[in-house]
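# Structural description and commentary
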Amino acid sequence: MNLRILTQTQQQIRYLGRPVRIFLIVNVIEGIILSIWILFFNFYILGLGFDRQFLGLVNSVTALATLILGIPIGILSDRIGRQRALFLGVGIHLLGATLELWTIHPTLLLCMAFLNGTGRMLFLLNVAPFLAGASKAETRTFLFSLNFGLVILAGVMGNLLAGYLADWFTVMLQVPATSVATYRSTLLLAVSLSCLSLILLTFVREPKPENFANQLPAKSAIQSGGNLASALKGALANPMIRQLALVQLVFGLGVALLTPYINLYFDEKFQVGPQTLGRIFSLKALFTGLVALLIPRLVQKSGSRIKIAVFFQFMGGVSWLLLGFTPGFSAAVCGFLLGGIFLNTPIPLVEAFSMEQVRESQRATLVSIRELSWQTSWGIGPYLSGSLQEHSGFSPIFVLSVAAIWLASLLNNIFFGKIEQ
């Protein structure tokens, strides 16, 4: 980014207001915590003496919280307000993660993993609704892209910080770098940063509702005090919510078919070692985070978030074809990096657009329905991909993945292109 773009970005950040800037700091903190957790938690559980089957169960229980409680939590969040839901989410996650690191009893570990997943879900479901409510139309695209870019970069910072923390605890505790004590101490220190998030959230005021959409009746089931079933029925009665969920399902399936196995693909085709893979994945995250900060300028020039999202998703499919069918390693890396940029940077554009299509009282519900679609696609995609790899290798997976991504791009254009114009 040149100096002019950087100056404009700084001015736009100041214009966002103090509560929003504080929340962005909170989201960066939580992104750092999550990246450290993802990096070390699996090693920690295996270090305790549990087998990979139990590790899979622990990770599945965390995801299970999303599937079971996602929609009820979304509906509840729409009732209690954004600031309170965010605070509760961080608090529950902090409690669950801390207890998860202090117990070695299998049943308690599973229970705390479920509590941890519930807290994370409560927080994440309210990020987009909070950003939508706390921003004006002219700053919303910039804010969503800025938040997305900062979270991606927070992941890079978290991975770097994790290494330094592990080395520090190894020296302080005089234990091996791969010991349970090192992993537990690093994870506990990372999780304790949520205390800072809780303090900062007390300075974040509830955003005032702003009406964007008229697709819903004046009173929804939530507003009129209906139960969860009637609230969900009222949300699904909105065709916009159904269309957004369908696009999320198709796009998620395309991504889920391939993303979990990219490392295996590089290793199988190019015999790439772990260190090289780590550098490639870090570069992808870094470039994606930086490009996300430039996306609002493209939207400003084109005048359409959906148009940019459709084009980027189409080019993401092209990039993955380059990754899957090129014989050269350099070209494959280029396809992988471009695919990461093209497929990830439109995410905040679609999120910002979706928040403007429903009333404030249904935003968290919409996020939870879209998240359920995403989790469903990730429940189907990796299993289907693994079965295809066993019999046919990676070529048909690349074809199916790109086909699903292009279909999602087409649906985005059909459903939402004219609406935004």
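The structure displayed is predicted, hence computed values, not measured ones. (Residues numbered from 1 in each chain as written. Predicted model: local features only at pLDDT ≥ 70, side-chain atom pairs only at ≥ 80, totals over all residues. Heavy atoms only, no water.)

### As for helix α7 (residues 137-173)
Spanning 37 residues, α7 covers 52 Å between terminal C-alpha atoms, matching the ideal 54 Å at 1.5 Å per step. The first or second residue beyond α7 is Q174, which carries a positive phi of 55 degrees. (Helix = DSSP H or I, 4+ residues; strand = E, 2+ residues; numbered from the N terminus. Expected span 1.5 Å × (residues − 1).)

### Some thoughts on the pattern of salt bridges
Inspection of every chain in the model, using the stated rule, returns 3 salt bridges. The shortest N-O distance in the salt bridge between E356 and R140 comes to 2.8 Å. On the criterion of sequence distance, the pair formed by E356 in the loop between α16 (347-355) and α17 (363-392) and R140 in helix α7 is long-range, its members being 216 residues apart. Neither residue differs from the other here; E356 and R140 are each classed as buried. Through salt bridges with shared partners, a single network forms among R140, R305 and E356. (Salt bridge = Lys/Arg side-chain N within 4 Å of Asp/Glu carboxyl O. Buried < 20%, exposed > 50% of the residue type's maximum accessible area, 1.4 Å probe, protein only.)

### As for a nonpolar patch on the surface
A cluster of nonpolar side chains, namely L283, L286, F287 and L290, defines an oily patch on the protein surface of about 290 Å² accessible area. Tracing the chain through its elements places L286 in helix α13 (residues 274-302). Take L286: its relative accessible area is 32%, and that puts it in the partly exposed class. (Patch = residues over 30% accessible without salt bridge, like charges linked within 9 Å, V, L, I, M, F, W, Y side chains within 5 Å. Areas by Shrake-Rupley, 256 points an atom, 1.4 Å probe, with all protein chains shown as cover.)

### Considering unusual backbone geometry
The backbone phi angle of Q174 is positive, close to 55 degrees, even though this residue is not glycine. By relative accessible area, Q174 is classed as exposed at 72%.

### Some points on the packing of aromatic side chains
Using the criterion set out here, one finds 25 aromatic pairs in the structure. Here F23 and F130 contribute two aromatic rings whose centre-to-centre distance is 4.6 Å and whose plane-to-plane angle is 45 degrees, an arrangement assigned as tilted. Of this pair, F23 sits in helix α2 (residues 18-47) while F130 sits in helix α6 (residues 127-133), and the two are 107 residues apart along the sequence. Across the pair, F130 and F23 agree in class, each one buried. Between Y265 and F394 the ring centres are 5.3 Å apart and the planes differ by 70 degrees, which places this aromatic pair in the edge-to-face class. Placement of the pair is Y265 in helix α12 (residues 262-270) and F394 in the loop between α17 and α18 (395-420), with a sequence separation of 129 residues. (Phe/Tyr/Trp six-rings, centres within 6.5 Å; stacked < 30°, edge-to-face > 60°.)

### Let's talk about the nonpolar core
Ranked by size, the top nonpolar core spans 103 residues in total, and within it F23, I36, I45, L187, F266 and L323 carry the most contacts. At 15 residues, the largest contribution of residues to this core is made by α2. Sequence-distant contacts of L323, that is, excluding residues within four places in its chain, are made with I262, Y265, F266, A332, G335, F336 and F398. Of all hydrophobic cores here, the second largest spans 6 residues; its members include I295, I308, F312 and F342. (Core = buried A, V, L, I, M, F, W, Y, C linked by side-chain atoms within 4.5 Å. Contact = heavy atoms within 4.5 Å.)

### As for the confidence of the model for the protein chain
For the protein chain, mean pLDDT is 84; residues scoring 70 or higher make up 89% of the total. Segment residues 211-225 is flagged for pLDDT under 50; beyond a separation of four residues in sequence, or across chains, it makes 34 contacts in the model. (pLDDT = per-residue confidence, 0-100.)

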